[in-house]
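Chain residues, written in single-letter form:
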Amino acid sequence: MFNELIAHFKENFMNMVTSRLIVLILVLFGMGGYLIYTIFQLQIVNGEEYFNNFQLMITKERTLASTRGNILDRNGNLLAYNELAYSVTIEDVYESGRGKNARLNATIYKLIGMIEQNGDSIISDFHVVLDKNGNYEYNVEGTQLLRFLADVYGYATIDQLKEKEKSATAEELITYLCGTSRYGIGGYTNEEDSSSFVEGMGYTKEEILKIVTIRYAMSANSYQKYISTTVANNVSEETVAVIMENADVLDGVSIAEGTIRKYNDSIYFAQIIGYTGKIDQDELKTLQEEDPSYDLNDTVGKSGIEASMETQLQGTKGSETVYVDNLGKVIETSDHIEAVAGNDIYLTVDADLQKAAYHILESKLAGILLDKIENIREYHVPEGGSGGDIPIPIYDVYYACINNNIIDTSHFTSSRAGETEQLVYETYTDKKARAFNTLRQELTETCTPYQDLTEEYQVYESYIASMLYDNNIIMNSAVNREDETYIAWTKDETISLNEYLNYAIAQNWIDVSRLEISSQYSDSVEIYNKIIDYIFEQLDEDNDFDKKLYRYMINNDEITGRQICQLLLEQNIVTLPEDELSQFEAGNETAYAFMYKRIEQLDLTPAQLALDPYSGSIVITDVDSGDVLALVSYPSYDNNKMANGVDAAYYASLRNDLSYPLLNYATQQKTAPGSTFKIVSSTAALMEGLITTTDTITCTGIFEKISPAPRCWIYPSAHGSINVSEGIRHSCNGFFYEVGYRLGIVGDSYNSDVALNKLAKYADLYGLSETSGVEIEEYTPEVSDTDAVRSAIGHGTNNYTTVGLARYVTTIANSGTCYNLTLVDRIEDHDSNLITDNQADIRNQIDMDSAYWDAIHTGMRGVVEAKSYFSDLDVNVAGKTGTAQENRNRPNHALFISYAPYEAPEISVTVRVANGYSSDYAAQIAKDVYEYYYGLKDESEIITGTAGTLEGASINAD
């Protein structure tokens, strides 16, 4: 087409006598409406004309990204901002045809190498990752996974997915994308068979994933011509230089100037602020309803304030017309419209208070661990045991160093492995060989019934069975759970795994297509043998199974506690003062003492060990405004590594972390409130006229009006006759069992549902039936719908978040104003002009007699007065403890809701320590927060950088 235009030009303008003529030929391309102007320059010299110069110019309508607004604390401290940075982009300039995929993939492969050789990394926002065993897995689930699959297979909606596509494994999806119909990436001999991958034929699995990630991102932009896809953000000057030097072999690759999102003090604020990332289809659809200018190349908030305040932070895009030559060089621009920066968000949070509360929480969690660690090998909870007195065996601490990946076991085989690493690896390989040999004998010869196996081999065989279910070798949908043999294996434990698997084969519960069987008519013996082969092939590369081996090696002293300590030193995970190191090397410091000191000095944190308790949350509010002054979730993460393209290795480490740092424990963890709920029950009893402030109810230690009869925590003692304030002060279960019972009296009979409805009514008045109002992700609370008597003491099915309980106690503190809590103080534009002066909305008012409020406040003050550890605090605090048992094999949850000063409340402090043993521990955390907030101690006395000291906690009273 283009050559025809040139010929036509020559033929029709040969006789022109103009000495110099510029002619423009306009070609309008349908896709995207892009205009290409072909400009010829014609000169006449001595009557002879010739083309002296030829230039192709392409005009693009270029969108100018706006600068994202900043996020600051209430005092103007900068928390989230933008920083100038270089990014690497690629544009699909490759001609269609048979060799396009190979050329494009080769360029991407070269590009990845250049980026990574300088310590930079490519963007990893594809929802497939490599697991710890080197296999592909999804990093999303549920609806989000189905949406991702629909996008990959090219459907507008999830409903269009075929069943095979919906159930596609990550391995099968990668195989599909590597096929010739998509990206044509080498490594698979058969694009219909995910098992046909050949390492070394083409690319490795890791390289394939990186190429697929970039190709998929490019395909998302393919509907827009001349739109580049970002491959890497915030690259170094070295990467810029090497890419510029190799521009001749990197077709379509460019270096672009832009900004990246940065977060100050990230670990303290990540759960509030969230992070940004590339927009997905669902986000695009939602955001375009509000602002049609959003497109698939945009960076948007993915969580937290970044997401909830997205349209305020994003700003307004600009635009310009750009003329470039055939090499992509900009010749000129026109029609420039400046982008408008996004607005700045000022939070209600006080940054210093937030950081202090985080440190207090971590310190006290370490203190609880130290309080519970004992120099014992193991502990089994006895029948009738309490969740408040479960010790932590020191052997669990040793194992935690392996189990939560503090120690890098993959380094044991490195050429730089230390002496202890090598010895431990030898022990591991020997143990693994012995375990495999025993398991193979059990599966083929011995066939011991499950109940007769040792605990160790029960664990191994249970793991094998779960693996077969998880990998759909045993088809869950086919298994008859009423079958006698199934019950004999899963419940009665009277048969061997060998017998169960052979029975599963006979019942056609096995998906033989997932086994390497040559004939579909294989007999049961061949199928069973293939299952055995499959089991050991999988276990041989299974990191989780390896950890079970390490568990028993440590328990049996095949790996000693001292060796674990030496591994920590060899891998530079901890460093010791010279005097302690010499003592340890001389054998004068035991492994127990070594570990105790590491926790005491926070060299090993509760989050790293992931032993109960390893998590907690604190929410602090202004009780007169509904402002959230601090919202702490421990542990947290570095959102700098999640923004600007997810750091794949870091994200994988977060997903494998047993302390679950991605979970916001203040807004996304729900537990029973325990006795903190008794204020709701008190309100219900007073408002329903069941009691007055002076009426008494008699606690006998056991409540026998229902069966089975629940007991008061003081049983076999009793509280006797007490009024509502005393019921709160002593947290008397007997008092509140009676309240729950009376709420359900209809005529002469008791109706639990009637009582539950009344409890729900008053829970709603305190905001406990809905999310709290904060502008970040929050789980919906659950008001109990069963067993009103036990629900009245905070059990039943009551489940609330820490921030929900914070709204509840805020309402108590101000005597009835229930706010929709807020994290946003104000919004300003980029010139500091006030856009919005935000105030927390009042959700409702509780209109209750002041005498009733006084009775409740008096009871809560009495709770704190009874705690010796509050006796030296120079501000009067009122509060309510709560202890909730969820699992008898794990410690109880510890809760404390409170406010101060008691006489004229200003702030509330709500603390939850999941599996924190006793509410006394939660209350002591709150005490430190009050000391910091009111400046009652020097900061260095409160935040010491070591494990916090704790007074003894009651395992019964709450």
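Residues numbered from 1 in each chain as written. Predicted model: local features only at pLDDT ≥ 70, side-chain atom pairs only at ≥ 80, totals over all residues. Heavy atoms only, no water.

To continue, consider the sheet that holds strand β28 (residues 893-900). Strand order in the open sheet made by the 5 strands is β18-β17-β29-β28-β27, with antiparallel pairing throughout. Where the open sheet ends on each side, the last strands, each with one partner, are β18 (628-634) and β27 (878-884). Strand-to-strand twist of the sheet, defined as the mean angle between neighbouring strand axes without regard to direction, takes the value 5°. (Pairing = 2+ DSSP bridges. Helix = DSSP H or I, 4+ residues; strand = E, 2+ residues; numbered from the N terminus. Axes fitted to C-alpha atoms, helices over the stretch in contact; angles between N-to-C directions.)

On to the environment of Lys164. Looking at where Lys164 falls in the secondary structure, it is placed in helix α4 (residues 163-166). Taking the C-alpha atoms as reference, Lys164 lies 48 Å from Ile394; in sequence the two are 230 residues apart.

A separate point is the pattern of salt bridges. Here the idea is simple: oppositely charged side chains can pair when their charged atoms come close. Going through the model one piece at a time under the given rule, you end up with 44 salt bridges. Between Asp612 and Arg890 there is a salt bridge, with its nearest N and O atoms 2.7 Å apart. In this pair, Asp612 sits in the loop between α23 (606-609) and β17 (616-622) while Arg890 sits in the loop between β27 and β28, placing the two residues 278 residues apart along the sequence. For Asp612, a relative accessible area of 16% puts it in the buried group. When its relative accessible area of 32% is taken as the criterion, Arg890 is described as partly exposed. The salt bridge partner of Arg826 is Glu828, with a shortest N-O separation of 3.1 Å. Judged by its relative accessible area of 11%, Glu828 is buried. (Salt bridge = Lys/Arg side-chain N within 4 Å of Asp/Glu carboxyl O. Buried < 20%, exposed > 50% of the residue type's maximum accessible area, 1.4 Å probe, protein only.)

Looking at the chain as a whole, its pLDDT mean stands at 90, while 91% of the residues score no less than 70. Scored below 50 in pLDDT, residues 13-53 shows 83 contacts in the model against residues more than four places distant or in partner chains. (pLDDT = per-residue confidence, 0-100. Contact = heavy atoms within 4.5 Å.)

A separate point is the side chain of Lys547. When you line up the elements, Lys547 lands in helix α19 (residues 543-555). Buried and without a salt bridge, Lys547 has Asp544 as its closest oppositely charged side chain, separated by 4.7 Å. Apart from the residues lying within four places of it in its own chain, the contact partners of Lys547 are Tyr399, Ile402, Asn403 and Asn405. (Lys, Arg positive; Asp, Glu negative; His and termini not counted.)

Before going further, it helps to spend a moment on the nonpolar core. Across soluble globular proteins, you tend to see nonpolar side chains buried next to one another. The biggest cluster of nonpolar side chains holds 159 residues, and the ones touching the most others in it are Ile535 and Met595. Looking at this core element by element, the count peaks at 12 residues for helix α12 (residues 351-372). Discounting residues that sit within four places of it in the chain, Met595 has contacts with Ile394, Val397, Tyr398, Cys401, Ile564, Cys565, Leu568 and Leu604. Listed in part, the 51 residues of the second largest apolar core include Tyr766, Ala792, Tyr808 and Trp853. (Core = buried A, V, L, I, M, F, W, Y, C linked by side-chain atoms within 4.5 Å.)

Taken together, the side chains of Asp352, Asp938, Glu939 and Glu941 present a region of like negative charge at the surface. Structurally, Asp352 is set in helix α12. (Patch = residues over 30% accessible without salt bridge, like charges linked within 9 Å, V, L, I, M, F, W, Y side chains within 5 Å. Areas by Shrake-Rupley, 256 points an atom, 1.4 Å probe, with all protein chains shown as cover. Charge placed at Lys NZ, Arg CZ, Asp CG, Glu CD.)

Among the structural elements, Thr692 can be located in the loop between α25 (678-687) and β19 (697-699). Note on Thr692: relative accessible area 35%, which makes it partly exposed. Separated by 159 residues in the primary sequence, Thr692 and Ala851 place their C-alpha atoms 9.5 Å from one another.

By the secondary structure assignment, Gln458 is in helix α15 (residues 455-470). Setting aside chain neighbours within four positions, we find Gln458 in contact with Tyr450, Gln451 and Leu453.

Glycine aside, the phi torsion of most residues is negative, and most peptide linkages are trans. Omega for the bond connecting Tyr715 with Pro716 falls within 30 degrees of zero, at 15°, which places this linkage in the cis form. By the element assignment, Pro716 lies in the loop between β19 and β20 (720-722). The residue Asn405 is not glycine, and still its phi comes out positive at about 65°. Note that Asn405 resides in the loop between α13 (394-403) and α14 (419-446). Here Asn405 falls in the partly exposed class, since its relative accessible area comes to 38%. Of note in this structure, Asn472 is not a glycine but carries a positive phi near 60°. One can find Asn472 in the loop between α15 and α16 (484-492).

On to the packing of aromatic side chains, then. Counted by the stated rule, this structure contains 36 aromatic pairs. Pairing Tyr268 with Tyr358 gives two aromatic rings, centres 5.3 Å apart and planes at 90°, and the pair type is edge-to-face. In this pair, Tyr268 sits in helix α8 (residues 266-273) while Tyr358 sits in helix α12, placing the two residues 90 residues apart along the sequence. Residues Tyr463 and Phe545 carry aromatic rings whose centres are separated by 5.7 Å and whose planes lie at 45° to one another, so their mutual orientation is tilted. (Phe/Tyr/Trp six-rings, centres within 6.5 Å; stacked < 30°, edge-to-face > 60°.)

Before going further, it helps to spend a moment on the packing of α14 against α15. It is at 11 Å that the axes of α14 and α15 come closest, and there the two elements cross at 75°. On the basis of their axis angle, the class for α14 and α15 is roughly perpendicular. Residues Lys431, Arg434, Ala435, Thr438, Leu439 and Glu442 of α14 form the contact with α15, whose participating residues are Glu456, Tyr457, Tyr460, Glu461 and Ile464. A breakdown of the residues in the contact of α14 with α15 according to their chemical character gives 5 nonpolar, 1 polar and 5 charged. (Parallel < 35°, antiparallel > 145°, perpendicular 65-115°, else oblique. Nonpolar A, V, L, I, M, F, W, Y, C, P; charged D, E, K, R; others polar.)

This brings us to the pairing of strand β25 (residues 834-837). Pairing analysis gives 3 bridges linking strand β24 (residues 824-828) to β25, with the strands arranged antiparallel. In the strand pairing of β25, Glu828 is matched with Leu834. Where β24 hands over to β25, the hairpin turn is made up of 5 residues, of which Ser832 adopts a positive phi near 70°.

On to helix α6 (residues 205-220), then. Between the first and last C-alpha of α6 there are 22 Å, a value that for 16 residues agrees with the 22 Å anticipated at 1.5 Å per step. Of all the 16 residues making up α6, 12 are buried; the element is thus mostly covered by neighbouring parts of the structure. If you check which residues of α6 are buried, you get Lys205, Ile208, Leu209, Lys210, Ile211, Val212, Thr213, Ile214, Arg215, Tyr216, Ala217 and Met218. (Expected span 1.5 Å × (residues − 1).)

A few words now on the state of the cysteines. Applying the stated rule across the entire model yields 0 disulfides. Here Cys401 is not disulfide-linked; the sulfur of Cys565 is the nearest cysteine sulfur, at 7.8 Å. Cys565 sits in the buried class, given a relative accessible area of 0%. (Disulfide = S-S within 2.5 Å.)

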